[in-house]
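Analysis of the macromolecular model
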Amino acid sequence: MSKQRHLTVLGATGTIGVNTLDVVARHPEKFKIVALTANCQVEKLYRQCLQFEPEYAVMLNPDSAGELRHRLRQSGRGTEVLSGVEALEQVAALPQVDSVMAAIVGAAGLRPALAAAQSGKRVLLANKETLVMSGALFMDAVRRHGAELLPIDSEHNAIFQSLPRNFSSDLSENGVRRILLTASGGPFRTVPLSDLENVTPQQACAHPNWVMGKKISVDSATMMNKGLEVIEAHWLFNTAPEQIEVVIHPQSVIHSMVEYADGSVLAQLGNPDMRTPIAYALSYPERIDAGVTPLDLFKIARLDFEKPDFQRFPCLNLAYQALRRGGTAPAVLNAANEVAVAAFLEEKIPFKAIPAIIEKVLADITTRAAESLPDVLSADESARRAAQSMVEAL
Ligand SMILES: NC(=O)c1ccc[n+]([C@@H]2O[C@H](COP(=O)([O-])OP(=O)(O)OC[C@H]3O[C@@H](n4cnc5c(N)ncnc54)[C@H](OP(=O)(O)O)[C@@H]3O)[C@@H](O)[C@H]2O)c1
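Residues numbered from 1 in each chain as written. Predicted model: local features only at pLDDT ≥ 70, side-chain atom pairs only at ≥ 80, totals over all residues. Heavy atoms only, no water.

1. Quick word on the side chain of Thr 13
Turning to its location among the elements, Thr 13 is positioned in the loop between strand S1 (5-10) and helix H1 (15-26). Setting aside residues up to four positions removed in sequence, Thr 13 forms contacts with Val 18, Thr 37, Ala 38, Gln 41, Lys 44, Leu 45 and Gln 48. (Helix = DSSP H or I, 4+ residues; strand = E, 2+ residues; numbered from the N terminus. Contact = heavy atoms within 4.5 Å.)

2. Section: the site of the ligand
In the region of the ligand, 25 residues are neighbours, and Thr 13, Asn 39, Cys 40, Gln 41 and Glu 129 sit closest. Contact distances for the ligand include 2.8 Å between an oxygen atom and a side-chain N or O atom of Gln 41. The contact in question runs from an oxygen atom of the ligand to an N or O atom on the backbone of Ala 126, over 3.4 Å. When isolated, the ligand has an accessible area of 900 Å², and the protein chains bury 88% of it. Broken down by secondary-structure element, the contributors of at least two residues to the shell around the ligand are H1 and helix H6 (128-144). Taken together, the residues that form the shell around the ligand break down as 14 nonpolar, 8 polar and 3 charged. (Near = heavy atom within 4 Å. Polar contact = N/O pair within 3.5 Å; in protein donor to acceptor, adjacent residues only side chain to side chain. Areas by Shrake-Rupley, 256 points an atom, 1.4 Å probe, with all protein chains shown as cover. Nonpolar A, V, L, I, M, F, W, Y, C, P; charged D, E, K, R; others polar.)

3. Side note on helix H2 (residues 42-52)
Of the positions making up H2, those classed as buried are Val 42, Leu 45, Tyr 46, Gln 48, Cys 49 and Phe 52. All buried residues of H2 lie within an arc of 165° about the axis, which places them on one face of the element. Residues of H2 that are exposed and angled more than 90 degrees away from the buried face: Arg 47 and Gln 51. Glu 53, located one to two residues past H2, shows a positive phi value of around 45°. (Buried < 20%, exposed > 50% of the residue type's maximum accessible area, 1.4 Å probe, protein only. Arc of directions from axis to C-beta.)

4. Here's the deal with the environment of Pro 277
Looking at where Pro 277 falls in the secondary structure, it is placed in helix H11 (residues 275-283). On the basis of relative accessibility, which here comes to 6%, the residue Pro 277 falls in the buried class. Note: C-alpha distance between Pro 277 and Ala 117 (160 residues apart in sequence) is 20 Å. With residues near it in sequence (within four places) discarded, Pro 277 still touches Ile 152, Ser 154 and Asn 157.

5. Considerations on the domain arrangement of the chain
When cut into domains, the chain gives domain 1 (5-151), domain 2 (158-270 + 294-312) and domain 3 (326-394). Look at where the C-alpha atoms of domain 2 and domain 3 centre, and you get two points 24 Å apart. The interface of domain 2 with domain 3 comprises 18 residues on the first partner and 14 residues on the second. The contact between domain 2 and domain 3 buries some 1300 Å² in all, and 79% of this surface belongs to carbon and sulfur atoms. Considering only the side of domain 2, the residues that lose the most area to domain 3 are Glu 197, Pro 201 and Met 224, jointly responsible for 35% of the buried surface there. Seen at the junction of domain 2 and domain 3, the total is 0 salt bridges. Connecting domain 2 to domain 3 are 1 residue pair in polar contact (both at pLDDT 80 or more). Of all the secondary-structure elements, those providing two or more residues to the side of domain 2 that touches domain 3 are helix H8 (201-204), helix H9 (214-222) and helix H10 (224-237). With 6 residues, the single largest contributor to the side of domain 2 that touches domain 3 is H9. (Domains from an automatic or database assignment. Buried area = accessible area lost by both parts, 1.4 Å probe. Salt bridge = Lys/Arg side-chain N within 4 Å of Asp/Glu carboxyl O.)

6. Observations regarding the pairing of strand S6 (residues 122-125)
Side-chain alternation along S6 places Arg 122 and Leu 124 on one buried face and Val 123 and Leu 125 on a second face that is also buried. In terms of strand pairing, strand S5 (residues 99-102) meets S6 through 4 bridges, oriented parallel. Paired with Ser 99 across the two strands is Arg 122, which belongs to S6. For the crossover that starts at S5, traverses helix H5 (residues 110-118) and ends in the parallel S6, the hand is right-handed. With 4 bridges joining them, S6 and strand S7 (residues 148-151) adopt parallel strand pairing. Paired with Leu 124 across the strands is Leu 150, a residue of S7. (Pairing = 2+ DSSP bridges. Right-handed = clockwise from strand over helix to strand, strands pointing away.)

7. Considerations on a nonpolar patch on the surface
On the surface, a cluster of nonpolar side chains totalling about 340 Å² of accessible area is made up of Leu 269, Leu 297, Leu 303 and Phe 305. Summarising the element assignment, Phe 305 is placed in the loop between helix H12 (297-300) and helix H13 (314-325). Looking at Phe 305, the relative accessible area reads 44%, which means it is partly exposed. (Patch = residues over 30% accessible without salt bridge, like charges linked within 9 Å, V, L, I, M, F, W, Y side chains within 5 Å.)

8. Comments concerning the sheet that holds S7
The strand order S4-S3-S2-S1-S5-S6-S7 describes an open sheet built from 7 strands, whose pairing is parallel. The sheet terminates laterally at strand S4 (80-83) and S7, the two strands that pair on one side only. Across the sheet, the mean angle separating the axes of adjacent strands is 20° when strand polarity is ignored. The pairing of strand S3 (residues 56-59) with S4 spans 4 bridges and is parallel. Considered in S4, the bridge of Tyr 56 is made with Glu 80. Each of S6 and S7 touches H6; the most contacted strand, S6, lies at about 165° to it. (Axes fitted to C-alpha atoms, helices over the stretch in contact; angles between N-to-C directions.)

9. What to know about the pairing of S1
Counted residue by residue, S1 has 5 buried out of 6 residues, so it is predominantly covered. Examined bridge by bridge, S1 and strand S2 (residues 31-38) share 5 bridges and lie parallel to one another. Note on S2: the bridge partner recorded for Thr 8 is Ala 35. For the crossover from S1 across H1 to S2, the handedness is right-handed. Relative to S5, S1 is paired through 4 bridges, and the arrangement is parallel. When the bridges of S5 are listed, Leu 10 appears paired with Ala 102.

10. A few points about the packing of aromatic side chains
Enumeration according to the criterion identifies 5 aromatic pairs in this entry. Consider the rings of Phe 160 and Tyr 280, whose centres lie 6.3 Å apart with planes at 75°: the pair is edge-to-face. Of this pair, Phe 160 sits in helix H7 (residues 154-162) while Tyr 280 sits in helix H11, and the two are 120 residues apart along the sequence. Geometry around Tyr 46 places Arg 71 over its ring, the cationic atom sitting 4.1 Å from the centre. (Phe/Tyr/Trp six-rings, centres within 6.5 Å; stacked < 30°, edge-to-face > 60°. Lys NZ or Arg CZ within 6 Å of the ring centre and 35° of its normal.)

Here it is in C-alpha coordinates:
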(Lines give C-alpha, C1' and ligand atoms only; values in the text may rest on other atoms or scores of the structure.)
Protein backbone atom coordinates (compact mmCIF):
# COMPACT_ATOMS: atom_id res chain seq x y z
CA MET A 1 0.00 0.00 0.00
CA SER A 2 1.21 3.56 -0.78
CA LYS A 3 2.26 5.78 2.13
CA GLN A 4 -0.30 8.03 3.79
CA ARG A 5 -0.23 11.53 2.29
CA HIS A 6 -0.18 14.52 4.65
CA LEU A 7 -2.17 17.42 3.28
CA THR A 8 -2.69 21.15 3.58
CA VAL A 9 -5.90 22.32 1.92
CA LEU A 10 -5.72 26.03 1.03
CA GLY A 11 -9.26 27.31 0.43
CA ALA A 12 -10.87 24.40 2.30
CA THR A 13 -14.29 26.06 2.53
CA GLY A 14 -14.63 26.69 -1.23
CA THR A 15 -16.08 24.40 -3.89
CA ILE A 16 -12.74 22.73 -4.63
CA GLY A 17 -11.82 22.55 -0.95
CA VAL A 18 -15.11 20.87 -0.03
CA ASN A 19 -14.79 18.38 -2.91
CA THR A 20 -11.22 17.64 -1.81
CA LEU A 21 -12.35 16.89 1.74
CA ASP A 22 -15.14 14.70 0.37
CA VAL A 23 -12.55 12.52 -1.43
CA VAL A 24 -10.23 12.56 1.60
CA ALA A 25 -13.06 11.42 3.90
CA ARG A 26 -13.60 8.35 1.70
CA HIS A 27 -9.97 7.24 2.24
CA PRO A 28 -8.89 8.02 5.83
CA GLU A 29 -6.10 5.43 5.59
CA LYS A 30 -4.58 7.24 2.60
CA PHE A 31 -4.81 10.91 3.64
CA LYS A 32 -4.27 12.92 6.80
CA ILE A 33 -5.26 16.58 6.98
CA VAL A 34 -2.53 18.68 8.62
CA ALA A 35 -3.89 22.17 7.86
CA LEU A 36 -7.07 23.77 6.57
CA THR A 37 -7.48 27.40 5.52
CA ALA A 38 -10.26 29.86 4.66
CA ASN A 39 -10.87 33.56 4.39
CA CYS A 40 -13.83 34.36 6.66
CA GLN A 41 -16.36 31.49 6.75
CA VAL A 42 -15.94 30.56 10.42
CA GLU A 43 -18.86 28.12 10.78
CA LYS A 44 -17.80 26.04 7.78
CA LEU A 45 -14.13 25.86 8.77
CA TYR A 46 -15.13 25.07 12.36
CA ARG A 47 -17.16 22.05 11.20
CA GLN A 48 -14.31 20.89 8.97
CA CYS A 49 -11.92 21.18 11.94
CA LEU A 50 -14.23 19.05 14.09
CA GLN A 51 -14.34 16.39 11.37
CA PHE A 52 -10.67 16.32 10.27
CA GLU A 53 -8.88 17.52 13.45
CA PRO A 54 -6.04 19.33 11.67
CA GLU A 55 -2.94 20.54 13.53
CA TYR A 56 -3.48 24.03 12.08
CA ALA A 57 -6.38 26.14 10.82
CA VAL A 58 -5.71 29.50 9.17
CA MET A 59 -8.20 32.27 8.47
CA LEU A 60 -7.00 35.27 6.52
CA ASN A 61 -9.26 37.52 8.54
CA PRO A 62 -7.95 37.97 12.14
CA ASP A 63 -11.41 38.49 13.66
CA SER A 64 -12.65 35.28 12.04
CA ALA A 65 -9.51 33.50 13.31
CA GLY A 66 -10.23 34.77 16.84
CA GLU A 67 -13.79 33.46 16.71
CA LEU A 68 -12.67 30.08 15.34
CA ARG A 69 -9.97 29.76 18.04
CA HIS A 70 -12.52 30.47 20.75
CA ARG A 71 -15.04 27.94 19.41
CA LEU A 72 -12.45 25.19 18.93
CA ARG A 73 -11.13 25.72 22.48
CA GLN A 74 -14.66 25.49 23.84
CA SER A 75 -15.05 22.19 21.99
CA GLY A 76 -11.81 20.93 23.54
CA ARG A 77 -9.93 20.69 20.22
CA GLY A 78 -6.17 21.19 19.98
CA THR A 79 -6.07 22.78 16.50
CA GLU A 80 -3.80 25.83 16.49
CA VAL A 81 -5.54 28.76 14.78
CA LEU A 82 -3.45 31.33 12.89
CA SER A 83 -4.28 34.29 10.66
CA GLY A 84 -2.82 36.37 7.83
CA VAL A 85 -1.02 35.77 4.54
CA GLU A 86 2.21 34.69 6.23
CA ALA A 87 0.32 31.97 8.08
CA LEU A 88 -1.13 30.73 4.77
CA GLU A 89 2.44 30.51 3.42
CA GLN A 90 3.60 28.82 6.64
CA VAL A 91 1.05 25.99 6.48
CA ALA A 92 1.79 25.49 2.76
CA ALA A 93 5.43 24.87 3.66
CA LEU A 94 5.18 22.77 6.85
CA PRO A 95 7.82 20.00 6.93
CA GLN A 96 5.24 17.35 7.91
CA VAL A 97 3.11 18.19 4.81
CA ASP A 98 3.87 16.47 1.51
CA SER A 99 0.89 17.62 -0.61
CA VAL A 100 -0.78 21.01 -0.85
CA MET A 101 -4.17 21.58 -2.49
CA ALA A 102 -3.94 25.18 -3.77
CA ALA A 103 -7.63 26.14 -4.01
CA ILE A 104 -7.83 29.75 -2.86
CA VAL A 105 -9.67 31.84 -5.44
CA GLY A 106 -7.94 34.67 -7.33
CA ALA A 107 -4.62 36.45 -6.96
CA ALA A 108 -4.73 35.84 -3.19
CA GLY A 109 -3.77 32.23 -3.94
CA LEU A 110 -0.43 33.11 -5.51
CA ARG A 111 1.83 33.54 -2.48
CA PRO A 112 0.74 30.38 -0.61
CA ALA A 113 0.93 28.29 -3.82
CA LEU A 114 4.42 29.65 -4.48
CA ALA A 115 5.42 28.84 -0.89
CA ALA A 116 4.31 25.23 -1.48
CA ALA A 117 6.36 25.01 -4.69
CA GLN A 118 9.39 26.58 -3.02
CA SER A 119 9.17 23.93 -0.28
CA GLY A 120 9.26 21.12 -2.83
CA LYS A 121 5.72 19.85 -2.16
CA ARG A 122 3.38 17.96 -4.43
CA VAL A 123 1.26 20.96 -5.47
CA LEU A 124 -2.29 20.19 -6.57
CA LEU A 125 -2.97 23.40 -8.44
CA ALA A 126 -6.58 24.54 -8.71
CA ASN A 127 -5.73 28.25 -8.42
CA LYS A 128 -5.17 28.95 -12.13
CA GLU A 129 -4.51 32.64 -11.35
CA THR A 130 -1.09 31.59 -9.95
CA LEU A 131 0.11 30.44 -13.38
CA VAL A 132 -1.64 33.29 -15.19
CA MET A 133 0.06 35.91 -13.04
CA SER A 134 3.46 34.38 -12.56
CA GLY A 135 3.79 31.36 -14.87
CA ALA A 136 7.54 31.69 -15.51
CA LEU A 137 8.38 32.31 -11.84
CA PHE A 138 6.13 29.52 -10.60
CA MET A 139 7.37 26.91 -13.08
CA ASP A 140 10.93 27.91 -12.24
CA ALA A 141 10.22 27.45 -8.51
CA VAL A 142 8.73 24.00 -9.22
CA ARG A 143 11.85 22.94 -11.15
CA ARG A 144 14.41 24.45 -8.79
CA HIS A 145 12.86 23.10 -5.60
CA GLY A 146 11.93 19.66 -6.92
CA ALA A 147 8.20 20.20 -6.43
CA GLU A 148 5.67 18.05 -8.26
CA LEU A 149 2.91 19.94 -10.06
CA LEU A 150 -0.43 18.25 -10.73
CA PRO A 151 -3.23 20.24 -12.38
CA ILE A 152 -6.70 20.20 -10.83
CA ASP A 153 -8.56 22.19 -13.46
CA SER A 154 -10.55 19.43 -15.18
CA GLU A 155 -9.24 20.42 -18.63
CA HIS A 156 -5.57 20.44 -17.64
CA ASN A 157 -6.01 17.31 -15.62
CA ALA A 158 -7.51 15.68 -18.75
CA ILE A 159 -4.56 16.88 -20.85
CA PHE A 160 -2.16 15.60 -18.21
CA GLN A 161 -3.92 12.22 -18.33
CA SER A 162 -3.80 12.18 -22.16
CA LEU A 163 -0.08 13.01 -22.42
CA PRO A 164 2.60 10.32 -22.10
CA ARG A 165 3.27 9.46 -18.42
CA ASN A 166 6.82 10.86 -18.50
CA PHE A 167 5.99 13.92 -20.61
CA SER A 168 9.20 15.92 -20.95
CA SER A 169 7.55 19.33 -21.46
CA ASP A 170 8.55 19.24 -25.14
CA LEU A 171 5.46 18.70 -27.28
CA SER A 172 7.17 17.74 -30.53
CA GLU A 173 9.57 15.36 -28.77
CA ASN A 174 6.46 13.58 -27.48
CA GLY A 175 4.77 13.55 -30.89
CA VAL A 176 2.12 16.05 -29.79
CA ARG A 177 0.73 18.39 -32.42
CA ARG A 178 -1.95 20.35 -30.56
CA ILE A 179 -3.96 20.64 -27.40
CA LEU A 180 -7.74 20.82 -27.76
CA LEU A 181 -9.08 22.65 -24.74
CA THR A 182 -12.79 22.01 -24.33
CA ALA A 183 -15.23 24.60 -22.99
CA SER A 184 -18.91 24.31 -22.20
CA GLY A 185 -19.60 27.83 -23.49
CA GLY A 186 -21.25 28.67 -20.15
CA PRO A 187 -24.80 29.86 -19.54
CA PHE A 188 -24.80 32.50 -22.32
CA ARG A 189 -23.64 30.42 -25.29
CA THR A 190 -26.96 30.72 -27.08
CA VAL A 191 -28.52 33.81 -25.44
CA PRO A 192 -29.20 36.52 -28.10
CA LEU A 193 -26.28 38.97 -28.13
CA SER A 194 -28.62 41.90 -27.49
CA ASP A 195 -29.78 40.28 -24.21
CA LEU A 196 -26.25 40.09 -22.77
CA GLU A 197 -26.49 43.76 -21.73
CA ASN A 198 -29.06 42.95 -19.05
CA VAL A 199 -27.98 39.57 -17.65
CA THR A 200 -27.80 39.37 -13.86
CA PRO A 201 -25.14 37.88 -11.56
CA GLN A 202 -27.61 35.15 -10.68
CA GLN A 203 -27.99 34.17 -14.34
CA ALA A 204 -24.23 34.34 -14.86
CA CYS A 205 -23.60 32.04 -11.90
CA ALA A 206 -26.12 29.41 -13.09
CA HIS A 207 -23.64 27.24 -14.98
CA PRO A 208 -25.32 24.51 -17.05
CA ASN A 209 -22.93 21.69 -16.02
CA TRP A 210 -20.67 22.63 -13.09
CA VAL A 211 -21.26 23.86 -9.54
CA MET A 212 -18.49 26.35 -8.78
CA GLY A 213 -17.59 29.43 -6.75
CA LYS A 214 -19.05 32.76 -7.92
CA LYS A 215 -15.91 34.24 -9.44
CA ILE A 216 -15.11 31.26 -11.66
CA SER A 217 -18.82 30.98 -12.59
CA VAL A 218 -18.80 34.55 -13.95
CA ASP A 219 -15.46 33.79 -15.65
CA SER A 220 -17.18 30.85 -17.36
CA ALA A 221 -20.04 33.08 -18.48
CA THR A 222 -17.61 35.58 -20.10
CA MET A 223 -15.30 32.72 -21.18
CA MET A 224 -12.44 34.51 -19.43
CA ASN A 225 -12.15 31.23 -17.56
CA LYS A 226 -11.16 29.54 -20.83
CA GLY A 227 -8.79 32.42 -21.58
CA LEU A 228 -7.10 31.96 -18.20
CA GLU A 229 -6.93 28.22 -18.94
CA VAL A 230 -5.22 28.86 -22.28
CA ILE A 231 -2.52 30.76 -20.38
CA GLU A 232 -2.40 28.02 -17.74
CA ALA A 233 -1.96 25.35 -20.45
CA HIS A 234 0.84 27.36 -22.00
CA TRP A 235 2.84 27.21 -18.78
CA LEU A 236 1.92 23.70 -17.67
CA PHE A 237 2.66 21.99 -20.98
CA ASN A 238 5.12 24.43 -22.58
CA THR A 239 2.66 25.06 -25.41
CA ALA A 240 2.69 27.98 -27.88
CA PRO A 241 -0.62 29.92 -28.05
CA GLU A 242 -1.25 28.68 -31.62
CA GLN A 243 -0.95 25.06 -30.43
CA ILE A 244 -3.92 25.49 -28.07
CA GLU A 245 -7.32 25.38 -29.71
CA VAL A 246 -10.49 26.08 -27.74
CA VAL A 247 -13.35 23.76 -28.69
CA ILE A 248 -16.87 24.44 -27.45
CA HIS A 249 -18.33 21.18 -26.19
CA PRO A 250 -21.62 21.97 -24.42
CA GLN A 251 -22.03 18.60 -22.66
CA SER A 252 -18.75 18.91 -20.66
CA VAL A 253 -18.12 15.17 -20.95
CA ILE A 254 -14.81 15.33 -22.81
CA HIS A 255 -12.62 17.38 -20.50
CA SER A 256 -9.92 18.09 -23.13
CA MET A 257 -7.87 16.29 -25.77
CA VAL A 258 -4.34 15.89 -27.06
CA GLU A 259 -3.75 15.56 -30.80
CA TYR A 260 -0.68 13.55 -31.84
CA ALA A 261 1.42 13.70 -35.02
CA ASP A 262 0.06 10.34 -36.26
CA GLY A 263 -3.52 11.64 -36.24
CA SER A 264 -4.50 10.05 -32.92
CA VAL A 265 -6.54 12.21 -30.57
CA LEU A 266 -6.54 11.09 -26.93
CA ALA A 267 -9.26 12.39 -24.64
CA GLN A 268 -10.34 12.00 -21.03
CA LEU A 269 -14.07 11.67 -20.44
CA GLY A 270 -16.17 11.67 -17.31
CA ASN A 271 -19.18 13.23 -15.67
CA PRO A 272 -18.60 16.90 -14.84
CA ASP A 273 -17.59 16.34 -11.21
CA MET A 274 -14.42 17.93 -9.84
CA ARG A 275 -13.86 14.96 -7.52
CA THR A 276 -12.44 13.03 -10.51
CA PRO A 277 -9.45 15.33 -11.19
CA ILE A 278 -9.05 15.93 -7.45
CA ALA A 279 -8.89 12.19 -6.66
CA TYR A 280 -6.56 11.61 -9.59
CA ALA A 281 -4.10 14.23 -8.34
CA LEU A 282 -4.45 13.34 -4.66
CA SER A 283 -3.40 9.73 -5.17
CA TYR A 284 -1.40 9.97 -8.41
CA PRO A 285 -0.39 7.62 -9.97
CA GLU A 286 -2.82 5.32 -8.15
CA ARG A 287 -6.55 5.49 -9.05
CA ILE A 288 -9.03 5.64 -6.18
CA ASP A 289 -12.79 5.84 -5.76
CA ALA A 290 -13.90 9.47 -5.94
CA GLY A 291 -17.59 8.94 -5.26
CA VAL A 292 -18.36 10.01 -8.84
CA THR A 293 -21.33 8.53 -10.73
CA PRO A 294 -20.05 6.41 -13.64
CA LEU A 295 -20.45 7.91 -17.10
CA ASP A 296 -23.58 6.65 -18.87
CA LEU A 297 -22.83 7.10 -22.58
CA PHE A 298 -26.28 5.85 -23.58
CA LYS A 299 -27.90 8.57 -21.48
CA ILE A 300 -25.57 11.22 -22.94
CA ALA A 301 -26.23 9.85 -26.46
CA ARG A 302 -24.43 12.64 -28.32
CA LEU A 303 -21.41 14.89 -28.06
CA ASP A 304 -21.40 18.26 -29.86
CA PHE A 305 -18.54 20.54 -30.86
CA GLU A 306 -18.48 24.18 -32.06
CA LYS A 307 -15.92 26.86 -32.75
CA PRO A 308 -15.89 29.62 -30.10
CA ASP A 309 -17.58 32.89 -31.05
CA PHE A 310 -14.95 35.56 -30.34
CA GLN A 311 -17.49 38.37 -30.84
CA ARG A 312 -19.75 36.97 -28.15
CA PHE A 313 -16.78 36.21 -25.88
CA PRO A 314 -14.22 39.05 -26.27
CA CYS A 315 -12.51 37.97 -23.02
CA LEU A 316 -11.16 34.89 -24.77
CA ASN A 317 -9.42 37.07 -27.33
CA LEU A 318 -8.07 39.39 -24.63
CA ALA A 319 -6.48 36.41 -22.88
CA TYR A 320 -4.78 35.20 -26.07
CA GLN A 321 -3.53 38.78 -26.63
CA ALA A 322 -2.14 39.02 -23.09
CA LEU A 323 -0.41 35.66 -23.48
CA ARG A 324 1.23 36.77 -26.74
CA ARG A 325 2.26 40.09 -25.20
CA GLY A 326 3.87 38.21 -22.30
CA GLY A 327 5.68 39.66 -19.25
CA THR A 328 3.24 41.19 -16.78
CA ALA A 329 0.37 41.45 -19.33
CA PRO A 330 -1.41 38.28 -18.08
CA ALA A 331 -1.16 39.57 -14.48
CA VAL A 332 -2.75 42.85 -15.63
CA LEU A 333 -5.49 40.92 -17.45
CA ASN A 334 -6.16 38.84 -14.35
CA ALA A 335 -6.29 41.79 -11.95
CA ALA A 336 -8.59 43.85 -14.19
CA ASN A 337 -10.82 40.80 -14.55
CA GLU A 338 -11.00 40.21 -10.78
CA VAL A 339 -12.01 43.83 -10.13
CA ALA A 340 -14.56 43.86 -12.97
CA VAL A 341 -16.09 40.52 -11.94
CA ALA A 342 -16.38 41.63 -8.29
CA ALA A 343 -18.09 44.86 -9.44
CA PHE A 344 -20.48 42.89 -11.65
CA LEU A 345 -21.32 40.55 -8.76
CA GLU A 346 -22.07 43.62 -6.63
CA GLU A 347 -24.30 44.91 -9.45
CA LYS A 348 -22.16 48.02 -9.92
CA ILE A 349 -21.48 47.38 -13.62
CA PRO A 350 -23.30 45.53 -16.40
CA PHE A 351 -22.03 42.21 -17.74
CA LYS A 352 -20.71 43.71 -20.98
CA ALA A 353 -18.56 46.20 -19.08
CA ILE A 354 -16.34 43.33 -17.88
CA PRO A 355 -14.44 42.88 -21.20
CA ALA A 356 -14.55 46.65 -21.87
CA ILE A 357 -12.75 47.38 -18.58
CA ILE A 358 -10.15 44.65 -19.11
CA GLU A 359 -9.44 45.82 -22.66
CA LYS A 360 -8.96 49.44 -21.54
CA VAL A 361 -6.70 48.49 -18.62
CA LEU A 362 -4.58 46.31 -20.91
CA ALA A 363 -4.31 49.18 -23.40
CA ASP A 364 -3.47 51.82 -20.77
CA ILE A 365 -0.95 49.99 -18.59
CA THR A 366 2.64 49.59 -19.66
CA THR A 367 3.66 45.99 -19.10
CA ARG A 368 7.18 44.71 -18.59
CA ALA A 369 9.14 41.53 -17.96
CA ALA A 370 7.81 39.47 -15.04
CA GLU A 371 11.19 38.64 -13.53
CA SER A 372 10.34 38.74 -9.85
CA LEU A 373 7.36 38.48 -7.52
CA PRO A 374 7.47 42.27 -6.85
CA ASP A 375 7.22 42.85 -10.67
CA VAL A 376 4.08 40.72 -10.77
CA LEU A 377 2.53 42.15 -7.61
CA SER A 378 3.14 45.73 -8.70
CA ALA A 379 1.52 45.06 -12.12
CA ASP A 380 -1.40 43.46 -10.26
CA GLU A 381 -1.76 46.52 -8.01
CA SER A 382 -1.62 49.09 -10.84
CA ALA A 383 -4.15 47.15 -12.89
CA ARG A 384 -6.49 46.88 -9.89
CA ARG A 385 -6.28 50.63 -9.30
CA ALA A 386 -6.95 51.41 -12.99
CA ALA A 387 -9.86 48.96 -13.18
CA GLN A 388 -11.35 50.26 -9.93
CA SER A 389 -11.35 53.84 -11.17
CA MET A 390 -13.10 52.70 -14.36
CA VAL A 391 -15.72 50.91 -12.29
CA GLU A 392 -16.30 54.10 -10.29
CA ALA A 393 -16.53 56.18 -13.47
CA LEU A 394 -19.29 54.01 -14.94
N1 LIG B 1 -14.96 25.32 -8.62
C2 LIG B 1 -14.48 24.64 -9.62
O3 LIG B 1 -15.13 23.73 -10.16
C4 LIG B 1 -13.10 24.94 -10.15
C5 LIG B 1 -12.62 24.21 -11.23
C6 LIG B 1 -11.33 24.44 -11.68
C7 LIG B 1 -10.53 25.41 -11.08
N8 LIG B 1 -11.03 26.13 -10.04
C9 LIG B 1 -10.18 27.15 -9.44
O10 LIG B 1 -10.01 26.83 -8.06
C11 LIG B 1 -9.89 28.01 -7.27
C12 LIG B 1 -10.99 27.96 -6.19
O13 LIG B 1 -12.26 27.98 -6.84
P14 LIG B 1 -13.59 27.71 -6.03
O15 LIG B 1 -14.67 27.63 -7.05
O16 LIG B 1 -13.39 26.57 -5.08
O17 LIG B 1 -13.72 29.08 -5.22
P18 LIG B 1 -14.67 29.42 -3.99
O19 LIG B 1 -15.75 28.41 -3.88
O20 LIG B 1 -15.04 30.85 -4.11
O21 LIG B 1 -13.69 29.22 -2.71
C22 LIG B 1 -12.59 30.04 -2.52
C23 LIG B 1 -11.81 29.62 -1.29
O24 LIG B 1 -10.74 30.56 -1.10
C25 LIG B 1 -10.89 31.22 0.17
N26 LIG B 1 -10.50 32.62 -0.02
C27 LIG B 1 -11.16 33.58 -0.71
N28 LIG B 1 -10.47 34.73 -0.70
C29 LIG B 1 -9.35 34.50 0.04
C30 LIG B 1 -8.26 35.29 0.43
N31 LIG B 1 -8.15 36.58 0.06
N32 LIG B 1 -7.27 34.72 1.16
C33 LIG B 1 -7.36 33.43 1.55
N34 LIG B 1 -8.38 32.61 1.22
C35 LIG B 1 -9.37 33.14 0.47
C36 LIG B 1 -12.36 31.08 0.53
O37 LIG B 1 -12.57 31.21 1.91
P38 LIG B 1 -14.04 31.66 2.49
O39 LIG B 1 -14.95 30.50 2.16
O40 LIG B 1 -13.83 31.84 3.94
O41 LIG B 1 -14.42 32.90 1.76
C42 LIG B 1 -12.62 29.66 0.00
O43 LIG B 1 -12.10 28.71 0.90
C44 LIG B 1 -10.07 29.18 -8.26
O45 LIG B 1 -8.81 29.64 -8.63
C46 LIG B 1 -10.77 28.56 -9.47
O47 LIG B 1 -10.45 29.20 -10.66
C48 LIG B 1 -12.28 25.90 -9.54
